[in-house]
Amino acid sequence: MKLVNVVGARPQFIKIGPILRAIDAHNEKGEARIDEVLIHTGQHYDAGLSKIFFEQLQIKEPDYNLGVGSGTQAEQTGEMLKRIEAVLLDEKPDWVMVYGDTNTTLAGALAAAKLHIPIAHVEAGLRSFNKLMPEEINRILTDHMSELLFCPTQPAVENLANEGITSGVHQVGDVMYDSVLHYSAIAEGQSSILEDLGLSNKNYALATVHRAENTDDASRLRRILSALDRIAMEGLEVILPIHPRTRNRMSELELVLTHARVIEPVSYLDMLLLQKNAHAILTDSGGIQKEAFFFRVPCVTLRDETEWVETVESGWNTLVGADVETICRATEQRATGGGDASFYGEGHAAEEMINHLSDSMALITSN
Ligand code: UD1
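Described below are features of the structure shown in this document. Predicted, not measured: the structure shown is a model, and the values here were computed from it.

1. A closer look at the sheet that holds strand β12 (residues 299-301)
- Reading across from one edge, β10-β9-β8-β11-β12-β13 is the order of the six strands in this open sheet, with parallel pairing throughout. On the outer flanks of this sheet lie β10 (261-263) and β13 (317-319), each paired with one strand and no other. With direction set aside, neighbouring strand axes in the sheet form an average angle of 20°.
- Where strand β8 (residues 204-208) and strand β11 (residues 280-283) come together, four bridges link them in parallel fashion. Paired with A205 across the bridge in β11 is A280.

Okay, here's the thing in structure tokens:
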């Protein structure tokens, strides 16, 4: 069986790590072999958003780097679609696996669907119910093209059922949890980020802002940054590893932070330690809302809705949008919830997905 994996953006590099390890483990068992081909679309190309993740997560060099780079939604997605199709025509895989909800995800799925290659979607069924987000369009379309839908949570399974998708759906847990379990101890041994930044346990807030809905809306971005500055001014150090998209917008709009501390994007291992030791986390990232929950650090989400509803329902995550007062109040309150919920599985999501994939392949061959 030949499987093509398509990744391209930072959160997808974190998800592919455990999948490649699970494929190796599967092949070592001597069962029907999975030959894996890795495509990097090049959606993220800065070393700090791409290369460092491959190194730290010990991911093999991609077999293809399509070098697509940045552009408008259509330019980027269209360019990927063309280049992925060319690889699929050459490689003729039995399955294509796509991850999450980025433009890379949609392009990979669409290229495969048009060539009648079955698709497995990792992180299926997530919904924000906000179609203004490019990610929401990407998720819905990808789910409706997929044969195997790997859901991290029960609400994700229900979302699919509400859209009439019940076949090929498996709740497997969250592959990002697999990653956190595997790499946390490694981070403790290898990362010196806290000393490098002069931070100690729980004496700072960690912030990230990169979503188009926040960066492209000048008023939202201005309000979020001013909340970060106010929190820092009132005495809690705020560390903001900055996404290039946010840096570019801040410079276009001439926005500067005077109290919160902006640093370069950090590696995966550094980010794990920064999250684990934070007093609170403020973010508009989906992955970081979950990671905050894995570490049981109170999370303040700079959005009006979330796909990760269980983090809110369990009390660990507060949705605050972009209102200065609400952001500051929620950070001060640091809402915490119960300790033992395991909405995201037990850390075997990758292994389960590869087992399902292998079973589905056996079924197709025997028919
Ligand atoms: C993308 C995903 C988003 C995901 C995020 C993770 C889409 C629609 N969005 O958003 O869901 O949460 O990745 O980080 O796919 N840039 C650089 N260097 C890079 C990459 C980007 O400078 O290596 C800058 C460029 O100015 C670019 C901008 O960041 O135009 C946005 O990059 P893009 O890949 O379009 O989206 P992200 O905001 O990274």
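That shown, we press on.
2. Observations concerning the nonpolar core
- Core analysis: the largest hydrophobic core is formed by 69 residues, its most contacted members being I19, M97, Y268, L274 and M353.
- Broken down by element, the residue count for this core peaks at seven residues, all from helix α1 (residues 10-28).
- Each residue touching L274, except ones within four places of it in the same chain, is listed here: I193, L194, L197, L199, Y204, L206 and V266.
- Ranked by size, the runner-up nonpolar core spans 27 residues in total, among them A205, I224, L225 and L255.

3. Digging into empty space enclosed by the protein
- Evaluation of the coordinates by the stated rule reveals one cavity of 30 Å³ or more.
- Considered as a void within the structure, the largest cavity measures approximately 40 Å³ in volume.
- Looking at side-chain class alone, the lining of the largest cavity contains seven nonpolar, one polar and two charged residues.

4. Some points on the pairing of β11
- Along β11, one buried face is formed by A280 and L282 and the opposite face, lined by I281 and T283, is buried too.
- The pairing of β11 with β12 spans three bridges and is parallel. In the sheet register, I281 faces β12, and the bridge partner there is C299.
- Handedness of the crossover joining β11 and β12 through helix α13 (residues 286-294) is recorded here as right-handed.

Criteria and cut-off values
Residues numbered from 1 in each chain as written. Predicted model: local features only at pLDDT ≥ 70, side-chain atom pairs only at ≥ 80, totals over all residues. Heavy atoms only, no water. Pairing = 2+ DSSP bridges. Helix = DSSP H or I, 4+ residues; strand = E, 2+ residues; numbered from the N terminus. Axes fitted to C-alpha atoms, helices over the stretch in contact; angles between N-to-C directions. Core = buried A, V, L, I, M, F, W, Y, C linked by side-chain atoms within 4.5 Å. Buried < 20%, exposed > 50% of the residue type's maximum accessible area, 1.4 Å probe, protein only. Contact = heavy atoms within 4.5 Å. 1 Å grid on protein atoms, 1.4 Å probe; cavity = no way out; pocket = protein on both sides within 12 Å on 5 of 7 lines; lining within 4 Å. Points joined across faces, edges and corners; volume = space filled by probe spheres on them. Nonpolar A, V, L, I, M, F, W, Y, C, P; charged D, E, K, R; others polar. Right-handed = clockwise from strand over helix to strand, strands pointing away.

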